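Understanding the architecture of this molecule
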Amino acid sequence: MRKLGRRLVLAALFFTIAAVVVWGWQLNDHISRCFDDYDPAYIADETARNAACEN
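Residues numbered from 1 in each chain as written. Predicted model: local features only at pLDDT ≥ 70, side-chain atom pairs only at ≥ 80, totals over all residues. Heavy atoms only, no water.

Let's talk about the overall build of the chain
Quick reminder of the rule: The helix and strand labels rest on DSSP assignments: H or I over at least four residues marks a helix, E over at least two residues marks a strand, and numbering proceeds from the N terminus. When we talk radius of gyration, it's over C-alpha atoms, and the globule rule is simply 2.2 Å times the number of residues to the 0.38. Each residue is assigned to one of three classes by its accessible area relative to the maximum for its type, calculated with a 1.4 Å probe on protein chains only: buried under 20%, partly exposed between the two thresholds, exposed over 50%.
Scanning the chain from N- to C-terminus turns up two helices and zero strands. Rg of the C-alpha trace for the chain: 18 Å, well past the compact-globule value of 10 Å for 55 residues, more than 25% over. Once the C-alpha set of the chain is aligned to its principal axes, its extents read approximately 60 × 20 × 10 Å. Here the chain holds 55 residues, and 9% of them are scored as buried.

Shown next as C-alpha cells:
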C-alpha cells in the first residue's frame, strides 16, 4: 500500500510539472506574438495582432 501511495504522489507531481511547463510554453508564445517586436514570431500587422492577441 505504501508503494502505491508513493507512485500516486510521484505521478501527480509529474503531471503538475508537465501542466506548468505547457502553460509556460503557451504564455511564452503569446508574449512572442503580441509584445516582443524583436521576435520573428511577432505579428507586425496591427489588425491581425489585435485579433490574435485578444485572449
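Now that the structure is up, let's keep going.
Overview of the state of the cysteines
Our working rule: Disulfides are defined as pairs of cysteine sulfur atoms found within 2.5 Å of each other.
The full count for this structure, using the stated rule, is one disulfide. Across a sulfur-sulfur distance of 1.8 Å, Cys34 and Cys53 are joined as a disulfide pair. Taking the torsion about the sulfur-sulfur bond, which here is approximately -95°, the covalent link between Cys34 and Cys53 counts as left-handed. In this pair, Cys34 sits in helix α1 (residues 2–34) while Cys53 sits in the segment after α2 (46–52), placing the two residues 19 residues apart along the sequence. In terms of burial, Cys34 and Cys53 fall into one category: buried.

Examining the environment of Trp23
With respect to the secondary-structure elements, Trp23 resides in helix α1. Sequence-wise, Trp23 and Leu10 are 13 residues apart; in three dimensions their C-alpha atoms are separated by 20 Å.

Considering α1
Quick reminder of the rule: Here the expected span of a helix is defined as 1.5 Å times the quantity of residues minus one. Every residue pair with non-hydrogen atoms within 4.5 Å of one another is taken to be in contact.
Taking 1.5 Å of rise per residue, the 33 residues of α1 would be expected to cover 48 Å, and the 48 Å separating its terminal C-alpha atoms lies within 8% of that figure. Of the positions making up α1, those classed as buried are His30, Ser32 and Cys34. Contacts from the buried residues of α1 go to α2.

With respect to the environment of Lys3
Along the chain, Lys3 turns up in helix α1. The exposed category is assigned to Lys3, whose relative accessible area is 61%. Sequence separation between Lys3 and Glu46 is 43 residues; the distance between their C-alpha atoms is 55 Å.

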